[in-house]
Amino acid sequence: MDLAYTPEQQAFREEIRTWLAANVPAEPLKSFDTAEGFQQHREWEAKLNEGRWGMVTWPEALGGRGADLIQWLIFEEEYWRAGAPLRVNQNGIFLLGPTLMEYGTDEQKADILPKMANGTEVWAQGWSEPGAGSDMAAIRSKAELSDCGEYYIVNGQKTWSTRAVWADQCFGMFRTDPNSQRHHGLTFILVPLNLEGITVRPIPQLDGLPGFAEIFFDNVKVPVNRRLGGEGEGWKVAMATAGFERGLMLRSPARFQETARRLVNLYKENREAADRDPSVKEAVIRAYMDAEAYTLTTYQTACRLTQGGKIGPESSTNKIFWSELDQRMHETAMSILGARAELLPHAPAAQGVGNWLDGFLFAQSGPIYAGTNEIQRNIIAERMLGMPRK
Amino acid sequence: MDFTFNEDQLLFQEEVKKFLVNEVTPELIRELWESESGRSGALWSQLVELGLTGMTVPEAYGGLGMNEVDFVLLAQECGFVALPEPLVEQVLVAVPLINSLPEAFRAEWLPRIAAGEAKVLVGLEQNQLVADAHYADLLLLQQGNELHAVTPGQVKLIFNESVDPSRKLFAVEWTPSATTRIAEDAAELIEAALNRGALGAAAQALGLTQRMIELSVQYTADRQQFGVAIGTFQAVKHRMANVAVPLEYAKAVVHRAAHSVAIGHKNAAVHVSHAKIAACDASLTGAKNSIQVHGAMGYTWEVDLHIFMKKAWALNNTWGDSAFHKNRVASFVLGEADNAGAGRTFL
């Protein structure tokens, strides 16, 4: 055990820190859930890619830096410290990208990955359907191979598709075997959102902005070379993606450490008012401790994986830990802000509220998306602890 | 950056776990509850033979010369079986303390500890009472900023019964004098000893929590109601998942604290306090949810759960109670300096 960074790791940190200092926009970008903000974030992705900082974990041949998990954690620490923009293409870069590298044909990789990397193509995900939320195997949207065998005819509906309003592409699972049940007979298909027969209906989120959408498919012809993996292998391919999603990439510890730091500062600046509620001080130090615990645990896992270890069912604890931590931290910030907490940032009396309310609203989604925390608790109980399914 | 244990450390953990699970059974623990001293000389001899009691004694004095990182996984396993013998306290607290004292004192006691001929324990004012004072050949006692060494003949012990029948707590009456004093201005040594004690309690709390989970998983798989195992109910599953999550996120905190103590990190005290809070919180949730899923059986003397639950309750407020440790973290985080935020964890 040696908990010091190597000179190479320190140099890597210096390099990204320097680049970010020179390139992070001085003014925060508009929300990527607006047309203007989406475009701004797309341009930021292009800029990151120019500096080869867009996909640090991708292989060098694909425009990445072949960074290992420790370097990735360092990158994220610097990225969040610098207050750099959110990643509009994270569905692509962190979820689909690695899956494509594992299951994609050379042609698919050559076609899709560069455009994903430079922000030309932003990806939405299409997992859920009206009847398939936590129960993802209940998918009913169909993809039927055409008689000529050149394309799939896709019909059905996806919902809660994050970023779909302005995205260019969407990935998801469709039922290719009409007689199949549950997780059999599903196929992973990459669908360009400009195809004829596609209707995207934005769904306003809690903050009123259309961060996700419904996607309707009406006899959409998707070329067969847009299938990822074999026909009927969709579940296997999707599990790889869901694995990444649940795993390290989606929510790096740095994000929560920075929220904890802002919370500590908010408390220090408003100490007298905050201490009127004696539970606040404890909540603040707990936020610090839990963000540190998430970081330490992630580093320990990353080191184990770097040395050839495997990630086990204990990774299901991850989603519960960060999402509930995020909720608690924002609840604490609301307590500190008191009567001002409910004010939108542009309200005249809202000085000093920062973007805590935005964060508070978004934090409500954490325990729901990417597998609700109830589903995660079932997985922990059954697969990690060995409790009986029935 | 390497946050893993090496192969030797993991193998030793396996070996020690196997030994402890075989020898330190709930039956043995109950037997010892009925005995006069509550301790087993035979078991202590086996621990000596395995080299465990002198693990942290430097090789020059006949020990294995290992450090806190080497021992932390073993301390977890001591918790897993609720080991009544004061192994963790001697290895993590007494030996490093002696090793910080003058050479004559080290040379007198460390070889005897390594050879299994002497047991030495430490009594700090934070703990008020001294655990296993009746079992020690030498006690190192705090008196303000001083440390004193006293032998059994120099003390009067008044037994204080704990909720955990395995714990043997004593008020120690003695007369400090120039001859018993071994260190003046020993505030730093005392704080280091307290940190090591807290680290040991935290590591044991991890093992205790794991054991309570395993007992509860077994019980809820066996116990049937409404025609099915109660472990199939989500309400029961989620209670156990709610123990697994904090346990999973306390481990690395404890391991980092062990590393910080071993290398003398400038923030070792804060790291230890965080570890103590995280691990003991996990164990308290473990106790609460485990007794709940055991139903009325969990409230009985007969079912083994309480062996582990009571130890968890007791450890929570030893080697610094939760108020002490929370305040240490609070001063670090809420003070002048910026100590929170990304990229600062390993500074």
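Residues numbered from 1 in each chain as written. Chains lettered and ligands numbered in written order. Predicted model: local features only at pLDDT ≥ 70, side-chain atom pairs only at ≥ 80, totals over all residues.

This next bit is on the overall build of chain B. On a plain count of helices and strands, chain B comes out with eleven helices and nine strands. Its C-alpha atoms give chain B a radius of gyration of 20 Å, within 12% of the compact-globule value 20 Å for 347 residues. C-alpha atoms of chain B, sized along the principal axes, occupy 70 × 55 × 35 Å. The buried share of chain B, taken over its 347 residues, is 50%. (Helix = DSSP H or I, 4+ residues; strand = E, 2+ residues; numbered from the N terminus. Rg over C-alpha atoms; globule rule 2.2 N^0.38 Å. Buried ≥ 20, exposed ≤ 12 C-beta atoms within 10 Å, placed from the backbone.)

All names here are of chain B. Read from one edge of the open sheet, four strands run β1-β3-β4-β7, paired in mixed fashion. The open sheet is flanked by β1 (120-123) and β7 (181-183), the only strands paired with a single partner. With strand direction ignored, the average angle separating the axes of adjacent strands in the sheet is 30 degrees. Judged from the four bridges that link them, β1 and strand β3 (residues 138-143) form a sheet pairing that is parallel. Counted as the bridge partner of Gly123 is Leu141 from β3. (Pairing = 2+ DSSP bridges. Axes fitted to C-alpha atoms, helices over the stretch in contact; angles between N-to-C directions.)

Turning our eyes to something else, we now look at the sheet that holds strand β5 (residues 156-161) of chain B. Residue and element names in this part refer to chain B. One open sheet holds the three strands; their spatial order is β2-β6-β5, and the pairing between them is antiparallel. Each edge of the open sheet is held by one strand with a lone partner, namely β2 (130-131) and β5. As defined by bridge partners, β2 adjoins strand β6 (residues 168-173) across two bridges and the pair is classed as antiparallel. Paired with Val130 across the bridge in β6 is Phe170.

Moving on, we come to the interface of chain A and chain B. Counting from both sides, the interface comprises 50 residues of chain A and, opposite them, 42 residues of chain B. Within the residue set of the side of chain A that touches chain B, elements represented by two or more residues are α3 (69-81), α7 (253-269), α9 (279-306), α10 (316-337) and α12 (373-384) of chain A. When residues of the side of chain A that touches chain B are assigned to their parent elements, the largest contribution, 15 residues, is made by α9(A). Here the side of chain A that touches chain B is built from residues that sort into 26 nonpolar, ten polar and 14 charged. (Contact = placed C-beta atoms within 7 Å. Nonpolar A, V, L, I, M, F, W, Y, C, P; charged D, E, K, R; others polar.)

Formed by 213 residues in total, the largest nonpolar core has its most connected members in B:Ala202, B:Met240 and B:Val254. The dominant element in this core, judged by the number of residues it contributes, is helix α7 (residues 187-222) of chain B, at 17 residues. Residues in contact with B:Met240, not counting those within four places in the same chain, are A:Ala381, A:Leu385, A:Met387, B:Ile213, B:Ser216, B:Val217, B:Asn289 and B:Val293. (Core = buried A, V, L, I, M, F, W, Y, C linked by C-beta atoms within 7 Å.)

What follows covers the domain arrangement of chain A. Residues and elements named next belong to chain A. Domains assigned within chain A are domain 1 (7-88), domain 2 (123-234) and domain 3 (251-384). Placing a centre on the C-alpha atoms of domain 1 and another on those of domain 2 gives a separation of 29 Å. Counting residues at the interface gives six residues for domain 1, matched by five residues for domain 2. (Domains from an automatic or database assignment.)

This part covers the packing of α7(B) against helix α10 (residues 305-316) of chain B. Residues and elements named next belong to chain B. Put simply, α7 and α10 touch, their axes get as near as 9 Å, and they point 150 degrees apart. Here α7 is positioned roughly antiparallel relative to α10, judged by the angle of their axes. As α7 packs across α10, the resulting crossing turns out to be left-handed. Between α7, through Ala201, Gln204, Ala205, Leu208, Arg211, Met212 and Leu215, and α10, the contact on the second element is made entirely by Leu305, Phe308, Met309, Lys311, Ala312 and Leu315. (Parallel < 35°, antiparallel > 145°, perpendicular 65-115°, else oblique. Left-handed = near helix turned anticlockwise from the far one by under 90°.)

As a further point, take the packing of helix α4 (residues 68-80) of chain B against α7(B). All names here are of chain B. Look at α4 against α7: their axes get within 6 Å of each other, and the N-to-C directions meet at 45 degrees. The angle between the axes of α4 and α7 places the two elements in the oblique class. For the pair α4 and α7, the sense of crossing is right-handed. Contacts from Glu68, Val72, Ala75, Gln76, Glu77, Cys78, Gly79 and Phe80 of α4 reach α7 at Leu199, Gly200, Ala203, Gln204, Ala205, Leu206, Gly207, Leu208, Gln210 and Arg211. For the contact of α4 with α7, a count of residues per class yields nine nonpolar, six polar and three charged.

Take unusual backbone geometry next. All names here are of chain A. Phi is positive for Arg163, which is not a glycine, with a value near 70 degrees. With respect to the secondary-structure elements, Arg163 resides in the loop between β3 (151-162) and β4 (169-175). Phi is positive for Arg182, which is not a glycine, with a value near 50 degrees. Locating Arg182 in the fold gives a position in the loop between β4 and β5 (186-192). A residue is classified by how many C-beta atoms lie within 10 Å of it, and Arg182, with 12 of them, is exposed.

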